[in-house]
There are 2 protein chains.
Amino acid sequence: MKITVLSGGVGGARFLRGLRAAAPDAQITAIVNVGDDMWLSGLRIAPDLDSIMYTLAGENDEQRGWGRVGESERVSAELRAYGVGWPWFTLGDLDIGTHLARTSMLRDGLTLAEATDRITSRWQLGVHLIPASNDEVETHVVTESGEMHFQEWWTRHRAALPALSFVHHGLADASPAPGVLEAISDADVVLIAPSNPVVSIGPILAFESIHAAVSSAARVVGVSPIIAGAVVRGMADACLTAIGVATDADAVALHYGPTLLDGWLVDETDAALAPTIEAAGITARAVPLWMRDPASSAQVAGDALRLAQDL
Amino acid sequence: MKITVLSGGVGGARFLRGLRAAAPDAQITAIVNVGDDMWLSGLRIAPDLDSIMYTLAGENDEQRGWGRVGESERVSAELRAYGVGWPWFTLGDLDIGTHLARTSMLRDGLTLAEATDRITSRWQLGVHLIPASNDEVETHVVTESGEMHFQEWWTRHRAALPALSFVHHGLADASPAPGVLEAISDADVVLIAPSNPVVSIGPILAFESIHAAVSSAARVVGVSPIIAGAVVRGMADACLTAIGVATDADAVALHYGPTLLDGWLVDETDAALAPTIEAAGITARAVPLWMRDPASSAQVAGDALRLAQDL
């Protein structure tokens, strides 16, 4: 079975780890958001690709929830002493190793997708990661204090500055990476991970050709990142509010819409929202959605697959 | 007093540290070789600029003789695991901090000289470092096994592959960094550090305009990097042999020549070579030249200054 997943970073990583366990014989491809990517301190940083890679490799820091386990910050302390980078954005030494490897390969002329293949080949991930695009399409946030890179808004301002809108810089001249559209059209099932709908999944679907491919894909099932009117992790509510979508499992389903979605998983506590979603033409199912550990993540991913098969 | 020094890396660094102690009230400028610079693992590396900076900042590893004290190599281990970089060339984490700072500034559009100013401003060096050029002029070595970057020949092959010649890639399109020619022509004394004449001082003097400026400078005194027919450190003999110069204090003086040099310091054990050098029109003086520690380095630098003043 071929399964293709649209995914952001940490939440997507947990979902993919669960999916790998739930469908060990499937050929899994993840189309990964690159909107958070940026140049910082001379490095090309790709947070979502790396979060997924570290998690699938078992190298992620479970306690902290992000980055590499056993991390140190000697290089960042040097950068700070030289006045380079963002003082509120610390890169770990091991993580810098990944960024340097990527930056070096890009400098040598590899595309981001080629560099990702080379970098991920260090481990047996069991999931093929493809960046949504090889081009630099960075998400910026428009606020009353001006426009800034998503990471500045998210990490420095903790998403507390009201966002007026999100802009995908470079989108007009960008195209999906080779293999992205094929991975969607060839898939038996397309899954939308419980990632931030606005700044993780949004930048992927912002490519018209990707949106069209998902719309005409075989079976498309999404997993709600909202449980009981609250975000499971992160600050997706600030993003949803900015685009006029309520922080509710049904509102997010309707935001993606029936053109895109065939099925939608909500948490069991949101079972009452199912009729609204079904009325819009999307098959809804209520199951436990909390990904507390690998086992519960596998359960969620398995339920998403079962819904797809039952469609 | 204005003193300008042509300098390579480690040997030049010790000499400059000694000069700073010997002439605490002087305005010292170092024109630093960039021929060893290179791109590696996505980083712009400038070994000579960094060796000097670390030594003048008191951050160098005295035991090892190069690099930062208290160094670790976590990032390099990651790069190796990703198959990036040269397996025989390990970069320390603290050192990578410097390279990243430089690379970041270059990416932001600063010249190498501007980046060097910003980077060195972290410490009170007491010496103004100017790269010989803002352009990428890299020293390559031609051997029977092909051409390679100087660092590959020097570090990987330990200078054991016979060098047929040295090539300054990019020299034709390069120019000295702003301030280099002025620092030479405005100086009361120009000193040539006891650095490798071929691959440290050679790439600086390869700029015709720099060579001309030194030739017409007020007083130019060089310090022999050769003592008793042997190199003090490094493998300069392999370089000298390649260009047909004997590994002797007098041969190196004649290699620079009387057009360039007004005075030349040889070690006391090489006092017998003074007449040959003087016969060529270069004032020679024999003094202890071993830079064993900061005190002996200051003695050497002081002797070079005294020779210049006595000319």
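Draft legend 1. Highlighting the relation of the copies chain B and chain A. With an RMSD of 0.0 Å, chain B superimposes on chain A once it is rotated by 180° and translated 0.0 Å along the axis. What the superposition gives is, in effect, a two-fold axis relating one chain to the other. The rotation axis passes nearest to the C-alpha of D93 of chain B in chain B, at a distance of 3.8 Å. Residue by residue, 100% of the interface of chain B is reproduced at the interface of chain A, so both copies engage with the same surface.

Draft legend 2. Focus on the nonpolar core. Residues F15, L129 and L191 of chain A together with F15, L129 and L191 of chain B are the most contacted members of the largest nonpolar core, which totals 110 residues. Setting aside residues up to four positions removed in sequence, L129 of chain B forms contacts with A30, V32, L49, I52, M53, L56, T116, D117 and T120 of chain B.

Draft legend 3. Examining the packing of aromatic side chains more closely. For the coordinates displayed, the defined rule picks out 18 aromatic pairs over all chains. Ring geometry for W88 of chain A versus F89 of chain A: centroids 6.1 Å apart, planes at 85°, classification edge-to-face. Taking the centre distance of 4.5 Å and the plane angle of 15° together, the rings of W86 of chain B and W88 of chain B count as stacked. By relative accessible area, W86 of chain B is classed as partly exposed at 23%. Residue W88 of chain B is classed as partly exposed on the basis of its relative accessible area, which comes to 22%. By way of ring pairs, the aromatic residues F150, W153, W154 and F166 of chain A are connected into one cluster. Stacked on the ring of W39 of chain B, the Lys or Arg R107 of chain A has its end atom at 3.5 Å from the ring centre. R122 of chain B extends its terminal NZ or CZ atom over the ring of Y82 of chain A, reaching a point 4.7 Å from the ring centre.

Draft legend 4. Up close: the side chain of S195 of chain A. Residue and element names in this part refer to chain A. Position of S195 among the secondary structure elements: in the loop between β9 (189–192) and α8 (202–205). Within the structure, S195 has its side chain in polar contact with the backbone nitrogen of G8 (distance 3.0 Å). In contact with S195, not counting residues within four places along its chain, are S7, G8, G11, G12, S200, I201 and P225.

Draft legend 5. Representation of the environment of I52 of chain A. Of note, I52 of chain A is situated in helix α2 (residues 47–57). A C-alpha to C-alpha distance of 6.0 Å links I52 of chain A and G9 of chain A, two positions 43 residues apart in sequence.

Draft legend 6. View of the interface of chain B and chain A. With 33 residues of chain B at the interface, the matching set in chain A holds 33 residues. Between chain B and chain A, the buried area comes to about 2600 Å², and carbon and sulfur atoms account for 61% of it. At the junction of chain B and chain A, the tally comes to four salt bridges. Across the pair E78 of chain A and R122 of chain B runs a salt bridge, and its minimum N-O distance is 2.8 Å. Our enumeration of links across chain B and chain A arrives at ten residue pairs in polar contact (both at pLDDT 80 or more). Mapped onto the side of chain B that touches chain A, the elements with two or more residues apiece are α2 (47–57), α3 (74–81), α4 (93–107) and α5 (112–120) of chain B. Sorting elements by how many residues they give to the side of chain B that touches chain A places α4 of chain B first, with eleven residues. Considering only residue class, the side of chain B that touches chain A consists of 16 nonpolar, nine polar and eight charged.

Draft legend 7. Up close: the confidence of the model for chain A. Mean pLDDT for chain A: 96, with 100% of residues reaching 70 or above. In the predicted assembly, ipTM is 0.91 and pTM is 0.92.

Draft legend 8. Representation of the pattern of salt bridges in the model. Residues and elements named next belong to chain A. If you walk through the whole model with that rule in mind, you get 22 salt bridges over all chains. One salt bridge in this structure joins E136 and R44, with 3.9 Å as the shortest N-O distance. Highlighted residues: E136 in the loop between β5 (128–131) and β6 (138–143) and R44 in strand β4 (residues 43–45), separated in sequence by 92 residues. Assessed through its relative accessible area of 5%, R44 is described here as buried.

Draft legend 9. Fine view of the sheet that holds strand β7 (residues 146–149) of chain B. All names here are of chain B. The strand order across the open sheet formed by three strands is β7-β6-β8, and the pairing between neighbours is antiparallel. Taken across any chain shown, the strands that pair with only one partner, and hence form the sheet edges, are β7 and β8 (163–169). Across the sheet, the axes of successive neighbouring strands diverge by a mean angle of 25°, strand direction being ignored. In terms of strand pairing, strand β6 (residues 138–143) meets β7 through four bridges, oriented antiparallel. Residue pairing in the sheet places V142 in a bridge with E147 of β7.

Draft legend 10. Broad picture of the sheet that holds β5 of chain A. All names here are of chain A. Pairing is parallel in the open sheet, where seven strands are placed in the order β5-β2-β1-β9-β10-β13-β14. Single-partner strands in this sheet number two, and they are β5 and β14 (283–287). Going across the sheet, the axis of each strand differs from the next one's by a mean of 20°, ignoring polarity. Relative to strand β10 (residues 220–223), β9 runs parallel, the two sharing three bridges. From the neighbouring strand, L191 faces β10, where its bridge partner is V221. Along the sheet, helix α1 (residues 10–22) contacts β1 (2–7), β2 (27–32), β9 and β10; its crossing angle with β1, the most-contacted strand, is approximately 165°. Here helix α11 (residues 249–256) sits on the sheet and contacts β9 and β13 (263–267); the angle it forms with β13, its principal contact strand, is near 165°.

Draft legend 11. Geometry of α3 of chain B. Residues and elements named next belong to chain B. For α3, the set of buried residues is V75, S76, E78 and L79. The buried residues of α3 occupy an angular sector of 155° when the element is viewed end-on, so they sit on one face. G83 sits one or two residues past α3 and shows a positive phi near 75°.

Draft legend 12. Looking closely at the packing of α4 of chain B against α5 of chain B. Residue and element names in this part refer to chain B. It is at 9 Å that the axes of α4 and α5 come closest, and there the two elements cross at 135°. It follows that α4 is oblique to α5 by the angle criterion. Relative to α5, α4 is oriented so that their crossing is right-handed. Taken together, the residues of α5 that come into contact with α4 (itself represented by T98, A101, R102, M105 and L106) are L112, A115, R118 and I119. Here the contact of α4 with α5 is composed, by residue class, of six nonpolar, one polar and two charged.

Draft legend 13. Focus on the side chain of R68 of chain B. In this fold, R68 of chain B is placed in the loop between α2 and α3. One polar contact links R68 of chain B to E78 of chain A, side chain to side chain, over a distance of 2.8 Å. If we skip the residues at most four places from it in the chain, R68 of chain B touches E78 and Y82 of chain A together with Y54, E59, N60, D61, L94, D95, T98, R122 and W123 of chain B.

Reading the values: rules and limits
- Residues numbered from 1 in each chain as written.
- Chains lettered and ligands numbered in written order.
- Predicted model: local features only at pLDDT ≥ 70, side-chain atom pairs only at ≥ 80, totals over all residues.
- Heavy atoms only, no water.
- Least-squares fit on C-alpha atoms with pLDDT ≥ 70 in both.
- Contact = heavy atoms within 4.5 Å.
- Core = buried A, V, L, I, M, F, W, Y, C linked by side-chain atoms within 4.5 Å.
- Buried < 20%, exposed > 50% of the residue type's maximum accessible area, 1.4 Å probe, protein only.
- Phe/Tyr/Trp six-rings, centres within 6.5 Å; stacked < 30°, edge-to-face > 60°.
- Lys NZ or Arg CZ within 6 Å of the ring centre and 35° of its normal.
- Helix = DSSP H or I, 4+ residues; strand = E, 2+ residues; numbered from the N terminus.
- Polar contact = N/O pair within 3.5 Å; in protein donor to acceptor, adjacent residues only side chain to side chain.
- Buried area = accessible area lost by both parts, 1.4 Å probe.
- Salt bridge = Lys/Arg side-chain N within 4 Å of Asp/Glu carboxyl O.
- Nonpolar A, V, L, I, M, F, W, Y, C, P; charged D, E, K, R; others polar.
- pLDDT = per-residue confidence, 0-100.
- Pairing = 2+ DSSP bridges.
- Axes fitted to C-alpha atoms, helices over the stretch in contact; angles between N-to-C directions.
- Arc of directions from axis to C-beta.
- Parallel < 35°, antiparallel > 145°, perpendicular 65-115°, else oblique.
- Left-handed = near helix turned anticlockwise from the far one by under 90°.

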